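For reference, the chains in residue letters:
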Amino acid sequence: MRPLAIGCLEDKLVQTAMARILEAIYEPHFHRHSYGFRRGKSAHQALIRTHEVIRTRHKSCVVVEMDIEKFFDSVDHDWLIRTLELRISDPHFLRLIKRLMRNSTLHADGKMADRTAGTPQGSPISPILANICLHYLLDTWFAKNWASKGEFVRYEDDAAFVFTNEDDARAFQQVLIERMAEAGLKLNLDKTRIVPFSAKSPKGTIRLLGFELYWGIKRGAGKLLKVKTIPKRLARSMQSFTEWIKAVRNRKTLSTIWDEAAAKLRGHYNYYGVTFNESKLHHFHWHCIGMIFRWINRRSQKRSDTWEQFKRRLHFHPLPRPPRGVELLSLSSEHGATRKHKTKSRMPKLGTYGSVRSAGPNPAFT
């Protein structure tokens, strides 16, 4: 649970306008491998880039996983304002940003808490401020001092740094701790670790944005870099769906439950539907189907449907099935163009030309 700074309509309008101004100023200068909360960038692109970097260094690869502890609640205000002053000289604009960052937060117990550090989560301006902070604190610093030894991929405060030499990775981790302290930040030591990840002898897996990268067996011989849903994240998603169906089974009509379940399945597939992850998608799908059947039958003391009746309902009102094959997001393209793959048209097989079907090879009308 995180406290959210949800302002009134007037505040949101001002914050949105300020976010647009900051985006216009800083977007051209952001690093191309920073993917968090930017137009035209996505978590899938960050995953694809990480997959590509590790695959190219498969013979000798060491990955430093980074996670900042309570990043949005810990950024030093003075440090962030000094950073903004490097490109912004308008004192009125800077003073307004200071006021926005100091907004009080209303907690669940009804108490107001003054904010002395961090950016207000839930505010339209918070993501761009976080990106500006990490751009100067991490991206430009890494590009200047460590680009010759490794590469990095960052999505907001989650980042992966890929090196060839393990000594370089350990030296970087030590310096990174000191660098984070300059902005009042600390690394989450439970999630920040060094993983030797060469194809021949990997000593763990790489976790990023809900996905787990691992070296699997390639058809024929050799190793292949694969991706799957993190087991804990998958278990959490299944538990969340189970709690939802238990809570709404007697509160909503069956048709409404069916539509909402379909939306939840599509949302899961849209994010986790990537190459090599079919088995986890099917696992989630059949768990949800089983939970729907189980809890729909517990709407009353009388059993609603048998399994055969439930299958008949699924036949006439099908729920979304997991994507397969070319329907999955390809990890070989940073833009994921194969996500929108369309099957070949059946027009030639039907002998159809335009809107008229004819039996011969020539169109009926010209």
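## Notes on the overall build of the protein chain
Looking only at helices and strands, the protein chain features twelve helices and eleven strands. Here the protein chain, with 366 residues, has 44% of them falling under the buried criterion. Taking the intrachain contacts of the protein chain between residues at least 6 apart in sequence as the baseline, contacts between residues at least 24 apart amount to 66%. With an accessible surface of roughly 21000 Å², the protein chain has 52% of that area assigned to carbon and sulfur atoms.

## Some remarks on the layout of surface pockets
In this structure, the second largest pocket spans a volume of roughly 150 Å³. If you go around the second largest pocket, you meet 13 residues; those closest to its centre are Ala 5, Ile 6, Gly 7, Asn 103 and Ser 104. For the lining of the second largest pocket, the secondary structure elements donating two or more residues are helix H1 (9–26) and strand S2 (105–106). Its residues assigned to classes, the lining of the second largest pocket shows six nonpolar, six polar and one charged.

## Topic: the packing of helix H6 (residues 126–145) against helix H7 (residues 166–181)
In the contact formed by H6 and H7, the axes pass within 11 Å of each other and the chain directions differ by 145°. H7 is crossed by H6, and the crossing has right-handed handedness. The residues of H7 that touch H6, namely those facing Tyr 136, Leu 137, Leu 138, Trp 141 and Phe 142, are Phe 172, Val 175, Leu 176, Arg 179 and Met 180.

## Description of the sheet that holds strand S8 (residues 211–217)
In a beta sheet, neighbouring strands are held together by backbone hydrogen bonds and run either parallel or antiparallel to one another. Reading across from one edge, S7-S8-S9 is the order of the three strands in this open sheet, with antiparallel pairing throughout. Of all strands in the sheet, those with a lone pairing partner are strand S7 (206–208) and strand S9 (223–229), marking the two edges. Taken over all neighbouring pairs, the strand axes of this sheet differ in orientation by 35° on average, direction set aside. Judged from the three bridges that link them, S7 and S8 form a sheet pairing that is antiparallel. Note on S8: the bridge partner recorded for Leu 208 is Phe 211.

## Considerations on the sheet that holds strand S1 (residues 62–67)
Overall, antiparallel pairing links the four strands, which are arranged S4-S5-S1-S6 in an open sheet. Bordering the open sheet on either side are strand S4 (150–155) and strand S6 (193–196), each of which pairs with just one other strand. When the angles between neighbouring strand axes are averaged without regard to direction, this sheet yields 20°. Relative to strand S5 (residues 158–163), S1 runs antiparallel, the two being bridged by six bridges. Each residue of the ladder has a partner; that of Val 64, found in S5, is Phe 161. The sheet strands contacting helix H2 (residues 43–56) are S1, S4 and S5, and the helix crosses S4 at an angle near 165°.

## Some words on helix H10 (residues 278–296)
The end-to-end C-alpha distance of H10, which contains 19 residues, comes to 27 Å, matching closely the 27 Å that a straight helix rising 1.5 Å per residue would cover. Among the residues making up H10, those that are buried are Leu 281, Phe 284, His 285, Cys 288, Ile 289, Met 291, Ile 292, Phe 293, Trp 295 and Ile 296.

## Side note on the side chain of His 268
Secondary-structure assignment places His 268 in helix H9 (residues 254–272). Note on His 268: relative accessible area 7%, which makes it buried. Beyond its immediate sequence surroundings of up to four residues, His 268 is in contact with Leu 234, Ser 237, Gly 273, Leu 281 and Phe 284.

## Considerations on H9
Between its first and last C-alpha, H9 extends 27 Å over 19 residues, near the 27 Å set by a 1.5 Å rise per residue. Along its buried surface, H9 packs onto S8, S9, helix H8 (231–248), H10 and helix H11 (307–316).

## Quick notes on the side chain of Thr 119
Relative to the elements of secondary structure, Thr 119 occurs in the loop between strand S3 (112–113) and H6. Classification of Thr 119 as buried rests on a relative accessible area of 1%. Of the polar contacts made by the side chain of Thr 119, one reaches the side chain of Ser 126; its length is 3.1 Å.

## Quick look at the confidence of the model for the protein chain
Overall, the prediction assigns the protein chain a mean pLDDT of 84, with 90% of residues at 70 or greater. Every residue in residues 334–366 scores below 50 in pLDDT, and together they form 34 contacts with partners more than four places removed in sequence or on other chains.

## Some words on the packing of aromatic side chains
All chains considered together, the criterion is met by 24 aromatic pairs. Between the aromatic rings of Phe 71 and Phe 72, the centroid separation amounts to 5.2 Å while the plane-to-plane angle is 75°, which identifies the pairing as edge-to-face. As far as the burial class goes, Phe 71 and Phe 72 line up, both buried. Grouped by ring-pair contacts, the aromatic residues Trp 141, Phe 142, Trp 146, Phe 152, Phe 161, Phe 163 and Phe 172 constitute a single cluster. Of note, Lys 228 hangs over the ring of Tyr 214, and the distance from its end group to the ring centre comes to 5.1 Å.

Rules behind the numbers
- Starting from 1, residues in each chain are numbered consecutively following that chain's sequence as written.
- Note on the predicted model: pLDDT of at least 70 is required for a residue's local features to be given, and 80 or more for side-chain atom pairs to be given and counted; whole-chain, interface and lining totals, by contrast, use all residues.
- Where side-chain values are given, they derive from all heavy atoms of the structure, hydrogens and water being excluded.
- Helix and strand definitions here come from DSSP, where helices need a minimum of 4 consecutive H or I residues and strands a minimum of 2 consecutive E residues; each element is numbered from the N-terminal end.
- For the exposure calls, accessible area comes from a 1.4 Å probe over protein chains only, and a residue counts as buried if that area is under 20% of its type's maximum, exposed if over 50%, partly exposed in between.
- Two residues form a contact once any of their heavy atoms are found within 4.5 Å.
- For accessible areas, the Shrake-Rupley method is used with a probe of radius 1.4 Å. Any residue's cover is judged against the shown protein chains and nothing else.
- In this analysis, the protein atoms alone were mapped onto a 1 Å grid. Cavities are point sets where a 1.4 Å probe fits without being able to get out; pockets are open sets with protein on both sides within 12 Å along at least five of seven lines; lining residues have an atom within 4 Å of a point.
- Grid points are joined across faces, edges and corners, and a volume is the space filled by probe spheres set on the points.
- Under the scheme applied here, ten amino acids are nonpolar (Ala, Val, Leu, Ile, Met, Phe, Trp, Tyr, Cys and Pro), four are charged (Asp, Glu, Lys and Arg), and all others, including Gly, are polar.
- Lines fitted to the C-alpha atoms define the axes, with helices restricted to the stretch that makes contact. Angles between their N-to-C directions range from 0 to 180 degrees.
- The handedness criterion is simple: a crossing whose near helix is rotated anticlockwise from the far helix by less than a right angle is left-handed, and one whose near helix is rotated clockwise is right-handed.
- Only strands that DSSP links by at least two bridges are regarded as paired with each other.
- Helix span, expected: 1.5 Å multiplied by one less than the number of residues in the helix.
- Between N or O atoms, a polar contact is any pair within 3.5 Å; within protein, one atom must be a potential hydrogen donor and the other a potential acceptor, and residues adjacent in sequence are included only when both atoms are from side chains.
- The predictor's confidence in any single residue is recorded as pLDDT, a number from 0 to 100.
- The aromatic pairing rule takes the rings of Phe, Tyr and Trp, using the six-membered ring of Trp, and pairs them if the centres are within 6.5 Å, calling planes under 30 degrees apart stacked, those over 60 edge-to-face and the rest tilted.
- Placement of a positive charge over a ring is assigned whenever Lys NZ or Arg CZ falls within 6 Å of the ring centre and within 35 degrees of the normal to the ring plane.

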